[in-house]
Amino acid sequence: MQSIPVSWTAANARRMDRQGLLTPATTAGTSPADIAGRMLGAHAQVMSAAELSIALRLDGATRTDVRDALTGGPGPARGQGPGGRPAALVKTFGPRGTIHLLPAQDLPWWTGALSALPARPSTLSPEARMTAAQTDEVLAAIADALTGAELTVDELTEAIVARTGSWAADPVMPAFQTLWPRWRQVTHTAAQRGVLAFGRDRGRKVTYTNPDCAPASPARSLHELVNRYLRAYGPATAEDFAAWLAAPKGWAAALFASLAEKDRIEAVACAPGRAWVAAGDTAFPDEPARGLRLLPYFDAYVVACRPRELFFSGSAATRALAGGQAGNYPVLLVDGTVAGVWHQRRTGRRIALTVEPVARLNAANRRALDEQVARTGALFEGTAHLTLGKVTVGPHA
């Protein structure tokens, strides 16, 4: 059977539409958690960027709406808002081992899929590594200590030592010009097993809690992840998926081959070669993507969209990629491709926003940019003031 031809223009327009970047969803029928689900998580290493990523896709939303979805709204306990409303978002370690906001209802299959990824080779010395038995002991201690609690890393260390032994706190992990306790080498594993997530910040200190999530079946979870990834960012290759997930290319290729044999995914002809979509998901728009958007650091759309040479074309690649990595700069998006970078600096309610296009903007784009600047200010619950000019700060500043 001949593969259906899909142009880059059609693929990109569908991605933007499904991301809510053509027309933001309405709050009447869509929640911040729904948006995070469509994105396959919002990168939350910089929390303000995650808030903007989600809120800009939801008409009339602000950062407070995203925060309330994470905490359950104002209330004395995490996950409990007025009337005991549960939190709809969870802050935890997601794809690429980085901090993400994920829908609480999706956490079982997320943890099932992430826990099924091939283990990366340890960079620690043999004497610093934990044995399988020690790992299981620490994971059980983490689950017990964090159940119904929010603990700082120091408090969690004390709780783990009390349940295992002093060896768990041995300073053996090089990190940020210091040494972390031994147990911290399994932090990501604890998140993948569904026994650790981020709690509410306590001043400047991060806390952890137990989301009490049993991982779903690995096979079903991996199928769910591939299916959602392809519906959000397809057509895509197994290599694209591996890069997005930070997984081995060979493992991803074998996974895609297995799903193709079961007719769970199907091939299409998409430049520069064959790529994959979810089975039956072969409808693409006739019209190209139109519009202008300001996307924050590590926005999911920017990180996932490939081929990079088409998404970051010409001088945009030089200006908006950092060592070939996407996401280190907030980007100006025009008609579905990167057209510049931007930066914001906040003083009280005033937001000074500098936009640096890589090419001259036409009159329609200038009007759209003014609207986006005003919208960005509203999302951050302030007032934004635009300057067109050079962004002088470096990546991830």
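Here the structure is a predicted model, which means the values were calculated and not measured.

Draft legend 1. Layout of the environment of glycine 324. As for its position among the elements, glycine 324 is in the loop between helix H14 (315–320) and strand E15 (331–334). With relative accessibility at 45%, the residue glycine 324 sits in the partly exposed group. Through-space distance from the C-alpha of glycine 324 to that of aspartate 144 is 42 Å; in sequence the pair is 180 residues apart.

Draft legend 2. Inspection of the side chain of asparagine 328 at higher detail. Of note, asparagine 328 is situated in the loop between H14 and E15. A distance of 3.5 Å separates a polar atom in the side chain of asparagine 328 from a polar atom in the side chain of glutamine 325. Setting aside its immediate chain neighbours within four residues, asparagine 328 contacts Tyr297, Phe298, Ala322, Pro395 and His396.

Draft legend 3. Region of the structure containing the sheet that holds strand E6 (residues 99–103). Strands sit in the order E3-E6-E5 across an open sheet of 3 strands; the sheet is antiparallel. Since the sheet does not close on itself, it has two edges, and those belong to strand E3 (42–43) and strand E5 (89–93), each with one partner.

Draft legend 4. Molecular detail of the environment of glutamate 224. In this fold, glutamate 224 is placed in helix H9 (residues 218–233). Accessibility expressed as a relative area gives 26% for glutamate 224, which makes it partly exposed.

Draft legend 5. Focus on the sheet that holds strand E12 (residues 265–270). The sheet built from 3 strands is open, its strands ordered E1-E12-E13 with mixed pairing. Two strands lie at the open edges of the sheet, namely strand E1 (4–6) and strand E13 (273–278), each paired on one side alone. Averaged over all neighbouring strand pairs, the angle between strand axes comes to 50 degrees, with direction disregarded. Sheet analysis places E1 next to E12, joined by 3 bridges and oriented parallel. Paired with proline 5 across the strands is alanine 269, a residue of E12.

Draft legend 6. Geometry of the pairing of strand E16 (residues 337–347). Where E15 and E16 come together, 4 bridges link them in antiparallel fashion. The partner of leucine 332 across the bridge, within E16, is glycine 340. Where E16 meets strand E17 (residues 350–357), 8 bridges bridge the pair, whose relative direction is antiparallel. Looking at the pairing, glutamine 344 lines up with leucine 353 of E17. Connecting E16 to the antiparallel partner E17 that follows it, the hairpin turn spans 2 residues, and glycine 348 within it adopts a positive phi of roughly 65 degrees.

Draft legend 7. Focus on the packing of H9 against helix H10 (residues 238–245). Look at H9 against H10: their axes get within 12 Å of each other, and the N-to-C directions meet at 105 degrees. Comparing the axis directions of H9 and H10 gives the class roughly perpendicular. Contacts from Leu225, Val226 and Tyr229 of H9 reach H10 at Asp240, Phe241, Trp244 and Leu245. Its residues placed into classes, the contact of H9 with H10 shows 6 nonpolar, no polar and 1 charged.

Draft legend 8. Structural view of the state of the cysteines. Within the structure shown, the criterion is met by 0 disulfides. Left unpaired, cysteine 270 is separated from the closest cysteine sulfur, that of cysteine 305, by 11 Å.

Draft legend 9. Fine view of the packing of aromatic side chains. According to the stated counting rule, one finds 11 aromatic pairs in the structure shown. Arranged with centres 5.0 Å apart and planes meeting at 20 degrees, the rings of tryptophan 109 and tryptophan 110 form a pair that is stacked. Considered together, tryptophan 109 and tryptophan 110 belong to a single accessibility category, that of buried residues. Seen from their ring centres, phenylalanine 311 and phenylalanine 312 are 5.2 Å apart, and the 90 degrees between their planes marks the pair as edge-to-face. On the basis of relative accessible area, phenylalanine 312 is assigned to the buried category, the value being 2%. Put simply, the rings of Tyr229, Tyr233, Phe241, Trp244 and Phe256 pair up and form one aromatic cluster. A cation over a ring is seen here: arginine 14 above phenylalanine 284, with NZ or CZ 3.9 Å from the ring centre. The cationic tip of lysine 91 hangs over the ring face of phenylalanine 198; the distance from NZ or CZ to the ring centre is 5.3 Å.

Basis of the calculations
- Residues numbered from 1 in each chain as written.
- Predicted model: local features only at pLDDT ≥ 70, side-chain atom pairs only at ≥ 80, totals over all residues.
- Heavy atoms only, no water.
- Helix = DSSP H or I, 4+ residues; strand = E, 2+ residues; numbered from the N terminus.
- Buried < 20%, exposed > 50% of the residue type's maximum accessible area, 1.4 Å probe, protein only.
- Polar contact = N/O pair within 3.5 Å; in protein donor to acceptor, adjacent residues only side chain to side chain.
- Contact = heavy atoms within 4.5 Å.
- Pairing = 2+ DSSP bridges.
- Axes fitted to C-alpha atoms, helices over the stretch in contact; angles between N-to-C directions.
- Parallel < 35°, antiparallel > 145°, perpendicular 65-115°, else oblique.
- Nonpolar A, V, L, I, M, F, W, Y, C, P; charged D, E, K, R; others polar.
- Disulfide = S-S within 2.5 Å.
- Phe/Tyr/Trp six-rings, centres within 6.5 Å; stacked < 30°, edge-to-face > 60°.
- Lys NZ or Arg CZ within 6 Å of the ring centre and 35° of its normal.

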